[in-house]
Amino acid sequence: MSRYRLQPSPAQEQALLVHCGHARFVWNLAVEQHAHWKPGRKSAPGFAEQCRQLTEARAEFEWLRAGSIIVQQQALKDFAQAMANFFGKTHKRPTWRKRGQGEGFRIVAVTMGDVRRLSRHVGEVRVPKVGWVRFRWSRAVPESVKSYRVTRDRAGRWHVAFAAIPEPVPAPGTGEVVGVDRGVAVSAALSTGELLSAPGLRDAENARLLRLQRKLARAKRGSNRRGKVKAAIARLKARETDRRKDWVEKTSTDLARRFDVIAVEDLKIRNMTRSAKGTISAPGKNVRQKAGLNRGILAAGWGRLVTRLEHKAPGRIQKINPRHTSQTCNACKHTAGESRERQALFLCVACGHRDNADVNAAKNVRDTAAGHAVAARGGPPLGGLANREPQRGLLLVG
Ligand SMILES: [Zn+2]
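Remember, it's a predicted structure, so these values are computed and weren't measured experimentally. (Residues numbered from 1 in each chain as written. Predicted model: local features only at pLDDT ≥ 70, side-chain atom pairs only at ≥ 80, totals over all residues. Heavy atoms only, no water.)

Caption draft 1: Focus on the overall build of the chain. Counting its secondary structure elements, the chain contains eleven helices and 16 strands. Out of the 398 residues belonging to the chain, those deemed buried represent 43%. Here the contacts in the chain between residues at least 6 apart in sequence split such that 65% fall between residues at least 24 apart. Just so you have it, the chain exposes about 21800 Å², and 53% of that area is on carbon and sulfur atoms. (Helix = DSSP H or I, 4+ residues; strand = E, 2+ residues; numbered from the N terminus. Buried < 20%, exposed > 50% of the residue type's maximum accessible area, 1.4 Å probe, protein only. Contact = heavy atoms within 4.5 Å. Areas by Shrake-Rupley, 256 points an atom, 1.4 Å probe, with all protein chains shown as cover.)

So, in structure tokens, the structure goes:
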């Protein structure tokens, strides 16, 4: 986050104050909903439900509708985050916001064209429904700004803070290509033979989570105890998420620093996640099975890893069609589904080459990126992802 002094004109200041007022109104509404919640009542609405309510409120109230939906939605998002922090015991419960105290709002979906430099010390940022607002260009604004927050302190000073994606990591310049395969038994396998595992919960923590989940199932709805158990579960899950995020940051930086080109399977996780659920009129096929698969993928943090790699090594990521990568022998290029003996072991039916299945696939990904053909030779071409689907049992572990 880098903060700059915002210098709105008097008219703009009025418009910014309106945004602050809307953000405060929406936030306080959320606080109130949660304050009225008492054990025994239906649970207080979550973020999605609040967004729905916001849409209704905007339809009803002209003054709210006149404001920016981004400002209002982000206030709800901030509140959801504040509640998560509260349940995570890292922050106090979010409280009522008063006019003139800690006023501000957040704008997301910011593009490069929304920030510009006018002169050495003057920049401008585009604020929805307000227009271009000047700020003091006191240091370089990071490229690729994704969002920003506008705040007004008690002294009436305005600031804008830009949140950007991380700076690219310089390439080593060795020309080395690495293949990375999304593993199942491990989080990722490298063509160098390294097996990387994202940390999850420790055995003792997992055991505790199971105990808590059983407790939750027994606890009476709305009881005090149930609330406590829920909070404890949320804390454990947050710990797990933090560890995985941390792992993704370290791993992506490490890969971007060590290799010039990083080849990954193009799995389009997002599409897979969505298609499994289907719609009410056309429920997805193998929903249960796919739900297990998706959990596994998401737990491994694969999508996040690829995104961060793209941030840290822009232009150095190659997405490879995953077709055949797991059934092709890296030594002799023979392709056969039977070569994948078990989930973890690749044993070539043609040449007897043995390797860790994920490492073998990672090597194929690397070779494809490097321009070597990893085409089907031998057995019939095995289509798409069908054979990549791991057994459910494996996914439910960790
Ligand atoms: Zn072989």
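Further notes follow.
Caption draft 2: Region of the structure containing the pattern of salt bridges. According to the stated counting rule, one finds 21 salt bridges in the structure shown. The shortest N-O distance in the salt bridge between Arg-106 and Asp-78 comes to 2.2 Å. Here the residue Arg-106 occupies a position in strand E2 (residues 103-107), and Asp-78 occupies one in helix H4 (residues 69-87), the gap between them amounting to 28 residues. The residues Arg-106 and Asp-78 share a single accessibility class, namely buried. With its nearest N and O atoms 3.2 Å apart, the salt bridge here joins Arg-244 to Glu-240. Here the residue Arg-244 and the residue Glu-240 both occupy positions in helix H6 (residues 224-258), the gap between them amounting to four residues, near one helical turn. Taken as a pair, Arg-244 and Glu-240 share a single burial class, namely buried. When salt bridges that share partners are traced, they join Glu-49, Arg-52 and Glu-56 into one network. (Salt bridge = Lys/Arg side-chain N within 4 Å of Asp/Glu carboxyl O.)

Caption draft 3: Main features of the pairing of strand E11 (residues 261-265). Counting buried positions over the five residues of E11 gives four, a clear majority of the element. Direction of pairing for strand E8 (residues 177-182) relative to E11: parallel, over a ladder of four bridges. The partner of Gly-179 across the bridge, within E11, is Ala-263. For E11 and strand E12 (residues 317-320), the ladder comprises four bridges, and the chain directions are parallel. By the bridge assignment, Val-264 is partnered in E12 with Lys-319. (Pairing = 2+ DSSP bridges.)

Caption draft 4: Molecular detail of a nonpolar patch on the surface. A grouping of Phe-25, Leu-29, Phe-61 and Trp-63 is seen on the molecular surface, where their side chains present a nonpolar patch of about 360 Å² in accessible area. Following the sequence through the fold, Trp-63 ends up in helix H3 (residues 62-65). (Patch = residues over 30% accessible without salt bridge, like charges linked within 9 Å, V, L, I, M, F, W, Y side chains within 5 Å.)

Caption draft 5: A look at the coordination of the zinc ion. Those protein atoms acting as donors to the zinc ion are Cys-329 (SG), Cys-332 (SG), Cys-348 (SG) and Cys-351 (SG), and they sit at 2.3 Å. In this structure, the zinc ion is coordinated by four donor atoms arranged in tetrahedral fashion, with angles at the metal of 108 to 111 degrees. Overall, Cys-329 belongs to the buried group, its relative accessible area being 0%. Using a relative accessible area of 4% as the deciding quantity, one classes Cys-348 as buried. (Donors = N, O, S within 2.8 Å, 3.2 Å for Na, K, Ca; no water. Tetrahedral: all angles 85-135°; square planar, octahedral: opposite > 155°, others 65-115°.)

Caption draft 6: Region of interest: the packing of aromatic side chains. Evaluated as defined, the whole model comprises eight aromatic pairs. Consider the rings of Phe-25 and Trp-63, whose centres lie 4.9 Å apart with planes at 80 degrees: the pair is edge-to-face. With a gap of 38 residues between them, Phe-25 in helix H1 (residues 10-35) and Trp-63 in helix H3 connect regions that are remote in the sequence. Overall, the relative accessible area of 31% leaves Phe-25 in the partly exposed class. For the cation-ring pair, Arg-116 lies above Trp-132, with the distance from its terminal atom to the ring centre recorded as 3.7 Å. (Phe/Tyr/Trp six-rings, centres within 6.5 Å; stacked < 30°, edge-to-face > 60°. Lys NZ or Arg CZ within 6 Å of the ring centre and 35° of its normal.)

Caption draft 7: Fine view of the side chain of His-34. As for its position among the elements, His-34 is in helix H1. Under the relative-accessibility criterion, His-34 is labelled buried at 15%.

Caption draft 8: Highlighting the environment of Trp-132. If you trace the backbone, Trp-132 turns up in strand E5 (residues 131-136). Each C-alpha atom of the pair Trp-132 and Val-115 lies 8.7 Å from the other, and the pair is 17 residues apart in sequence. Discounting chain neighbours no more than four positions away, the residues touching Trp-132 are Gln-12, Gly-113, Asp-114, Val-115, Arg-116, Glu-124, Val-125 and Arg-126.

Caption draft 9: Up close: the sheet that holds strand E10 (residues 195-196). With respect to topology, five strands assemble into an open sheet ordered E10-E9-E8-E11-E12, the strand pairing being mixed. Each end of this open sheet is capped by a strand with a single partner; those strands are E10 and E12. Sitting on the sheet, helix H9 (residues 302-312) touches E8, strand E9 (188-190), E11 and E12, and the angle it makes with E11 is about 150 degrees. (Axes fitted to C-alpha atoms, helices over the stretch in contact; angles between N-to-C directions.)

Caption draft 10: Summary view of the pairing of strand E3 (residues 115-119). Bridging between E3 and strand E4 (residues 122-127) involves four bridges; their strand directions are antiparallel. From the neighbouring strand, Val-115 faces E4, where its bridge partner is Val-125. The hairpin turn running from E3 into E4, its antiparallel successor, is two residues long.

Caption draft 11: Focus on the packing of H1 against helix H2 (residues 47-60). Put simply, H1 and H2 touch, their axes get as near as 12 Å, and they point 125 degrees apart. Put simply, H1 runs oblique to H2. Once H1 is placed against H2, the crossing between them reads as right-handed. Where H1 abuts H2, its residues Val-26, Ala-30, Gln-33 and His-34 lie against Gln-50, Gln-53 and Leu-54. (Parallel < 35°, antiparallel > 145°, perpendicular 65-115°, else oblique. Left-handed = near helix turned anticlockwise from the far one by under 90°.)

Caption draft 12: A look at helix H10 (residues 357-369). Between its terminal C-alpha atoms H10 stretches 19 Å, which fits the 18 Å expected from 13 residues at 1.5 Å a residue. Within H10, eleven of the 13 residues are buried, which leaves it mostly tucked inside the rest of the structure. Along H10, the positions that sit buried rather than exposed are Ala-357, Asp-358, Val-359, Asn-360, Ala-361, Ala-362, Lys-363, Asn-364, Val-365, Asp-367 and Ala-369. Sitting at the head of H10, Asn-356 places a side-chain oxygen 2.8 Å from the backbone nitrogen of Asp-358. Downstream of H10 by a residue or two, Gly-371 has a phi angle that is positive, lying close to 100 degrees. (Expected span 1.5 Å × (residues − 1). Polar contact = N/O pair within 3.5 Å; in protein donor to acceptor, adjacent residues only side chain to side chain.)

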